[in-house]
Amino acid sequence: MDKGNHTTIEFIFIGFSAIPELQFFLFASFLCIYNISMAAHMFLIVLYNLSSNLHTPMYFFLANFSFLEECYISTITPNMLKNLLSNHKTITFYGCAVQMYCFLLLGSAECNLLAVMAYDRYNAICHPLLYNVIMSRNACVKLIVSSWLIGLMVAIIQTFLTFSLHYCGPNKINHFYCDIAPLMALACSDTRFNEIVIFMLVLCVVVGAFLLTIVSYTQIIWAILKHYSLAGFKKAFSTCSSHLIVVTIFYGSASVMYLRPKTSYGTDTDRFLSLMYTVIAPLLNPFIYSLRNNDVKVAVKKMLKI
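Residues numbered from 1 in each chain as written. Predicted model: local features only at pLDDT ≥ 70, side-chain atom pairs only at ≥ 80, totals over all residues. Heavy atoms only, no water.

**Here's the deal with the UniProt feature "transmembrane region" (unreviewed entry) in the protein**
Mapped onto this numbering, the UniProt entry annotates "transmembrane region" (unreviewed entry) at residues 24-47, 59-78, 98-119, 140-161, 196-225, 237-259 and 271-291. From the first C-alpha to the last, residues 140-161 spans 32 Å; its make-up is 100% helix and 0% strand. (UniProt positions renumbered as here; feature names shortened; annotations may be inferred. Helix = DSSP H or I, 4+ residues; strand = E, 2+ residues; numbered from the N terminus.)

Structure (structure tokens):
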């Protein structure tokens, strides 16, 4: 690797090269998943915008979540698909920086947006009379913008720190995209400061957002047990359970990936966990939200005139 000019540096993805006989099968599978994910999220965005009964804060957040997910999977999947069919699985130094920046921006924004959605459900169930005042259109927009701004801050800090390291040796990234840990493993300089910053940011953003979500749902459960009938409990649980499933999949895989000790990193485990929140979760999320939601089912029937 060139020590003096970063523009000449190329990284090589190892990705799934260890199983060459499955390259085409993986390509076909991931292409199918990507197309279904993009179509499902686009359908939900259109549905939320065209259906008057979905013009509420909850579905405003869901529409933004679907848009974020489309951007999120498009940051990783197209390049991964190209590499599965290519003998030259390379990416430039600055191309890798852009991919990491976009991935961190969108991933951090998604963490915050999931917490915002939990806060919305908390207000809907615990403060129903004040809900429209608390979750006004202006407040919803501010919460969305705040989610993106926090993601922007995290992405700038982490990308700058990672790509300010000195890379002078091996250039093979033992992953299928430019993630922080595999890149730092290639650095010739000391990475201890970077590791501390990663841990602190993940603790503040991912764990912080997760704790806010847990607190919101603790209050929701307490309010349901105190004030709601059995029918009300079922309705509230049906509304919140979809979000809880999405939260568990996303926060669970992301926390295990970035908070475990460095000595416990395993390349196969890393790739599996990364696939969970970069490929599999975006496929499942629109179906979890739509198939378990009566309002969405009604809106779909109206749109299709069933």
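Anyway, onward from the coordinates.
**What about the sheet that holds strand 3 (residues 172-173)?**
The mixed open sheet is built from three strands, whose spatial order is 2-1-3. The open sheet is flanked by strand 2 (90-92) and strand 3, the only strands paired with a single partner. Examined bridge by bridge, strand 1 (residues 10-13) and strand 2 share three bridges and lie antiparallel to one another. Residue pairing in the sheet places Ile12 in a bridge with Thr90 of strand 2. The sheet contacts of helix 3 (residues 93-126) involve strand 1, strand 2 and strand 3, and relative to strand 2 the element is tilted by about 90 degrees. (Pairing = 2+ DSSP bridges. Contact = heavy atoms within 4.5 Å. Axes fitted to C-alpha atoms, helices over the stretch in contact; angles between N-to-C directions.)

**Section: the environment of Ser37**
With respect to the element layout, Ser37 can be found in helix 1 (residues 23-50). For Ser37, a relative accessible area of 1% corresponds to the buried category. Taking the C-alpha atoms as reference points, Ser37 and Asn285, 248 residues apart in sequence, are found 8.8 Å from one another. (Buried < 20%, exposed > 50% of the residue type's maximum accessible area, 1.4 Å probe, protein only.)

**Points about the state of the cysteines**
In this structure the tally under the stated criterion is two disulfides. Residue pairing for Cys96: its cysteine sulfur links by disulfide to Cys178, the two sulfurs lying 1.9 Å apart. The sign of the S-S torsion, about -125 degrees, decides the handedness of the disulfide formed by Cys96 and Cys178: left-handed. Pair noted here: Cys96 is in helix 3 and Cys178 is in the loop between strand 3 and helix 6 (180-184), with a separation of 82 residues, a long-range link. Residue pairing for Cys168: its cysteine sulfur links by disulfide to Cys188, the two sulfurs lying 2.0 Å apart. Between Cys168 and Cys188 the disulfide shows an S-S torsion of about -125 degrees. By sign, it is left-handed. On the criterion of sequence distance, the pair formed by Cys168 in the loop between helix 5 (137-163) and strand 3 and Cys188 in the loop between helix 6 and helix 7 (192-227) is long-range, its members being 20 residues apart. According to the relative accessible area criterion, Cys188 is partly exposed, its value standing at 40%. Here the protein pairs its bonded cysteines, counted in sequence order, in the arrangement 1-3, 2-4. Cys71 takes part in no disulfide bond, and the closest cysteine sulfur to it belongs to Cys102, at a distance of 9.1 Å. Taking relative accessible area as the criterion, Cys71 reaches 26% and is therefore assigned partly exposed. (Disulfide = S-S within 2.5 Å.)

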